[in-house]
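Topology and contacts: notes
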Amino acid sequence: MTSEILNVQGLETQFNTPEGVVHAVNGVDFKLNEGETLGIVGESGCGKSVSMLSILRLIQQPPGKIVAGNAMFKGQDLLQMSNDDIRRVRGGQISMIFQDPMTSLNPVMTIGKQLAEPLMLHLGFSQEQARNRSIELLEQVGIPRAADRLKDYPHQYSGGMRQRVMIAMALSCAPQILIADEPTTALDVTIQAQIVDLVIRLREEVGMAIIWITHDLGVVASIAHRVNVMYGGFVIEEALIDELYRRPSHPYTVGLLGSLPQIQAEGRKRLYSIDGMPPMLYKKPHSCPFAPRCKWVIEKCRMENPPLLPIEEGHRAACWVNIEDGSVRDAE
Amino acid sequence: MQNNNETLIRVEDLKVHFPIYRGVIRRQVGSVKAVDGVSFSIKKGETLGLVGESGCGKTTTGRAIVQLYKPTAGHIYFEDTDLISLKEEPMRLMRQEIQMIFQDPYASLNPRMTVRDIVAEPLLAFGLATGKEIDARVKELMNLVRLDPDFIHRFPHEFSGGQRQRIGIARALALNPAFIVCDEPISALDVSIQAQIVNLFEDLQKELNLTYLFIAHDLSMVRHISDRVAVMYLGIIVELADRNEIYNNPLHPYTKALLSAIPVPDPDHYRKHSRIIMEGDVPSPANPPSGCRFRTRCPLADQECEKGRPEFREVLPGHFVECFKVELPTRSKEVLTEENTL
């Protein structure tokens, strides 16, 4: 086994809004090993992005507030670090790429300047060194005529190329962890395939660990080693990639997989749909957050929120019901 | 192409070009050929899926059919009427039959109107209901799209994305149309909500005998909902076939690459299949490649492909493709027909 590089325990994040306190993340635990790719899957509002932004302390405080938890990165708690220290970690040892490459690049700065910035800031490169390294980085992510294109502005790049630039920038300081927040959602499928392919190649070259946030169970199957499924601010299932698809054990995961049309399917089956919609998080849930939409719901689900219960080695699901035989599980 | 009396929509050589103006006197210096010669027909009660990457012209095609854009050339027949030849008032009346559902349920509903006003607007525009009938009809439509009629006086911001899309569907159904252009109606929704809306589309089609043009970039959803599928690239249809045929037996190299790029929710799939990764981006529709439009990204392209645009031809029954390099599969016809009957 490789060693652990990030360990997050009991993370809770809330937002004060005019309508009340939104409990966006309600006690999230996860670990990340060196060189591993962890997929975090969930729908909008499930807390997947907020939990990652919290770790890097990128949520605006106020209105946001990290209420509890710790995030141990190489023996240090990211949540307790001084502002100067966390700034050195961000973009250096842990870097992040975002969903929309247009809004995350500065439109009035050339690509070359934006690429050079982290190199000069984190690694102390001179302008000349930074320029040369920028060209190498652009070549590494597959941008043709890299030296010429340094002078271009983001609007002169296509969506896929902008995301390549974001990846180049994120990898420029050889981070140990790359957090990718829905990096392919805004792209067309063929470009998405290019980007996933690129990240897999770079992962082998650079050897960093990746946290890949997505709502797409198809994309995550192509890239992740392990997956956490989130719902209502909780991790509700965690499993190795093969186990998750072979034996989904939380009713929500089962529903998500069932609601995808099978591309191989010949006939036309009605899609399985989860009734209702994701919960509003104005109250911290004390019952299972999925109970109002769940087919398997029992009385216990409405009384007590289930913790993650073991299914098999490395596979846990937060559900009182064993959906394979209908039996009721107990907390240890 | 098909038996004419059951064809509802027939599009012939449709072109939509947008002019580019430059300079002080705004001289036209070129045009964006968003749709550049597209032909297809849709039968009554059928769903035609229209897929392609952004900028391929699929939305422009849909909008041109509803006459939101004035086509540069071509014909659009609804039953036997050519919509292009219609004057303003007859076209307005024709819109009762042809409705549209938009991609963004946040932008396509007026935030200052209640659900009642939004859904009643088409009824009022055509004088189809007055007084109390209006509320009754709006509630009936809300029931039809599985929205609680008690919410009739609420505003769009009080609804979730999926519910808003239901309001948009209710508005489109208000006039009892025969044909609906669905322009990426599920792209902005969460996965678990997408399935709800797709099921609603299928139920409504059965209940009301609707005909859909379903525009999307999600190929697996398109396969699920469509009877036939047309693949667009840079303003033209490169391949059109029955839904199972196009997924089992894609002939155009672009269709093959597109299908291979679909994410599959099965980790095992990625160990068994290597993907076709297409190089580069879609060229600009203002200056499309000469000859075959796909040749700049095509793995099979050679000199022949530079010569001219390939013919859009029927290579197998009901299977059309625009490519010089089509190799007919080695599989026998028996296998194909057997699969189609499944």
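The following refers to the structure shown. Computed from a predicted structure; not experimentally measured.

1. Quick word on the overall build of chain A
Counting its secondary structure elements, chain A contains 12 helices and 12 strands. Taken over the C-alpha trace, chain A has a radius of gyration of 21 Å; the compact-globule value for 332 residues is 20 Å, and the two agree within 12%. For chain A, the spread of C-alpha atoms along the principal axes amounts to about 65 × 55 × 45 Å. Residue pairs at least 24 apart in sequence account for 65% of intrachain contacts in chain A once pairs closer than 6 positions are excluded.

2. Topic: the overall build of chain B
Assigned secondary structure in chain B consists of 12 helices and 12 strands. Taken against the 2.2 N^0.38 rule, which gives 20 Å for 342 residues, the C-alpha radius of gyration of chain B at 21 Å falls within 12% of a compact globule. Taken over 342 residues, chain B has a buried fraction of 43%. Here the contacts in chain B between residues at least 6 apart in sequence split such that 64% fall between residues at least 24 apart.

3. Details of the interface of chain A and chain B
On the chain B side, the residues contacting the 37 residues of chain A number 36 residues. Looking at the side of chain A that touches chain B, the elements with two or more residues in it are α8 (189-206), α9 (217-223), α10 (241-246) and α11 (251-258) of chain A. A per-element tally of the side of chain A that touches chain B places α8 of chain A first, with 6 residues. Its residues placed into classes, the side of chain A that touches chain B shows 16 nonpolar, 13 polar and 8 charged.

4. Examining the sheet that holds strand β7 (residues 179-183) of chain B
Residues and elements named next belong to chain B. Strand order in the open sheet formed by 8 strands is β6-β7-β8-β3-β9-β10-β12-β11, and the pairing between neighbours is mixed. If you trace the sheet from one side to the other, it starts and ends with β6 (98-101) and β11 (312-316), each paired once. Each neighbouring strand pair of the sheet contributes to a mean axis angle of 20 degrees, computed without reference to strand direction. With 5 bridges joining them, strand β3 (residues 47-51) and strand β8 (residues 211-216) adopt parallel strand pairing. By the bridge assignment for β8, Thr 47 is matched with Tyr 212. Across the sheet, helix α1 (residues 58-65) is in contact with β3, β7, β8 and β9 (228-233); its angle to β8 comes to roughly 150 degrees. Contacting β9 and β10 (236-242), helix α9 (residues 253-260) crosses the sheet at an angle of about 105 degrees to β9.

5. Side note on the sheet that holds strand β11 (residues 309-312) of chain A
Residues and elements named next belong to chain A. An order of β6-β7-β8-β3-β9-β10-β12-β11 is seen for the 8 strands of this open sheet, with the pairing classed as mixed. The sheet terminates laterally at β6 (94-97) and β11, the two strands that pair on one side only. Taken over all neighbouring pairs, the strand axes of this sheet differ in orientation by 20 degrees on average, direction set aside. In this sheet, strand β12 (residues 315-317) lies alongside strand β10 (residues 234-240) in antiparallel orientation, the contact comprising 2 bridges. Among the inter-strand pairings, Glu 238 is bridged to a residue of β12, identified as Arg 316.

6. Details of the nonpolar core
If you look at the biggest cluster of nonpolar residues, it comprises 184 residues, and the most contacted ones within it are Ile 177, Ile 211 and Ile 236 of chain A together with Ala 170, Leu 213, Phe 214 and Val 231 of chain B. Excluding its chain neighbours within four sequence positions, the residues that come into contact with Ile 236 of chain A are Val 229, Met 230, Tyr 231, His 250, Tyr 252, Phe 290, Ala 317 and Ala 318 of chain A.

7. Some points on the environment of Met 102 of chain A
All names here are of chain A. By the element assignment, Met 102 lies in helix α3 (residues 101-104). It is 7.0 Å that separates the C-alpha atoms of Met 102 and Arg 162, two residues lying 60 residues apart in sequence. In this structure Met 102 touches Pro 154 and Arg 162, once residues within four positions along its chain are discounted.

8. Regarding the packing of helix α5 (residues 161-173) of chain B against helix α6 (residues 191-208) of chain B
All names here are of chain B. Where α5 meets α6, the axes come as close as 10 Å, and the angle between the chain directions of the two elements is 20 degrees. Our classification of the angle between α5 and α6 gives roughly parallel. Remark: the crossing between α5 and α6 carries right-handed chirality. On α6, the residues that touch Gly 161, Gly 162, Gln 165 and Ile 169 of α5 are Ile 193, Gln 196, Ile 197 and Leu 200.

9. Considerations on helix α5 (residues 127-140) of chain A
Residues and elements named next belong to chain A. Given a rise of 1.5 Å per residue, 14 residues ought to cover 20 Å, and the 20 Å separating the end C-alpha atoms of α5 matches this to within 8%. Those residues of α5 that fall on the buried side of the exposure criterion are Ala 130, Ser 134, Leu 137 and Leu 138. Buried residues of α5 fall within an arc of 95 degrees about the axis and therefore sit on the same side. The outward face of α5, more than 90 degrees from its buried face, is lined by the exposed residues Glu 128 and Glu 136. Contacts made by the buried residues of α5 are with α4 (111-122), α6 (146-149) and α7 (159-171). Immediately beyond the C-terminal end of α5, within one or two residues, lies Gly 142, with a positive phi of roughly 80 degrees.

10. As for α6 of chain B
Spanning 18 residues, α6 of chain B covers 26 Å between terminal C-alpha atoms, matching the ideal 26 Å at 1.5 Å per step. Taken together, the buried positions of α6 of chain B are occupied by Val 191, Ser 192, Ile 193, Gln 194, Ala 195, Gln 196, Ile 197 and Val 198 of chain B. Those residues of α6 of chain B that are buried are in contact with α11 of chain A together with α5 and α7 (219-225) of chain B. Just beyond α6 of chain B, the residue with positive phi is Asn 209 of chain B, at close to 50 degrees.

11. Things to note about unusual backbone geometry
The step from Gln 61 of chain A to Pro 62 of chain A runs through a cis peptide bond, and the omega angle for that step is -20 degrees. Residue Pro 63 of chain A is reached from Pro 62 of chain A by a cis peptide bond, and omega for that bond is 10 degrees. Of note, Ala 174 of chain A is a non-glycine position whose phi angle comes to about 50 degrees, a positive value. Look at Glu 184 of chain B: it is not a glycine, yet its phi comes out positive at around 45 degrees.

What counts, and at which threshold
- Residue indices begin from 1 for each chain and proceed along its sequence in written order.
- Here the convention is simple: chains get letters from A, ligands get numbers from 1, in the order in which they are written.
- For this predicted model, a pLDDT threshold of at least 70 governs which residues receive local features, and a threshold of 80 or more governs which side-chain atom pairs are given and counted, while totals over whole chains, interfaces and linings are taken from all residues.
- Under the scheme used here, helices are H or I runs from DSSP no shorter than 4 residues and strands are E runs no shorter than 2 residues, and both carry numbers assigned from the N terminus.
- With the radius of gyration taken over C-alpha atoms, the globule rule is written as 2.2 Å times the number of residues to the power 0.38.
- Distance between backbone-placed C-beta atoms decides contact: two residues are in contact if it is within 7 Å.
- Labels follow a simple rule on C-beta atoms placed from the backbone: if 20 or more others lie within 10 Å of a residue's own, it is buried; if 12 or fewer, it is exposed; otherwise it is partly exposed.
- We call Asp, Glu, Lys and Arg charged. Ala, Val, Leu, Ile, Met, Phe, Trp, Tyr, Cys and Pro are nonpolar, and the rest, Gly among them, are polar.
- Whether two strands pair comes down to DSSP finding at least two bridges between them.
- Orientation is described by lines fitted to C-alpha atoms, with helices fitted over the stretch in contact, and by angles between N-to-C directions that extend from 0 to 180 degrees.
- Buried Ala, Val, Leu, Ile, Met, Phe, Trp, Tyr and Cys residues whose C-beta atoms connect them within 7 Å together make up a nonpolar core.
- Here roughly perpendicular refers to angles of 65 to 115 degrees, roughly parallel to angles under 35, roughly antiparallel to angles over 145, and oblique to all remaining angles.
- Handedness of a crossing is defined here by the sense of rotation of the near helix relative to the far one, left-handed for an anticlockwise turn of less than a right angle and right-handed for a clockwise turn.
- Take the number of residues in a helix, subtract one, and multiply by 1.5 Å to get its expected span.
- Read the arc as the range of directions from the helix axis to the C-beta atoms.

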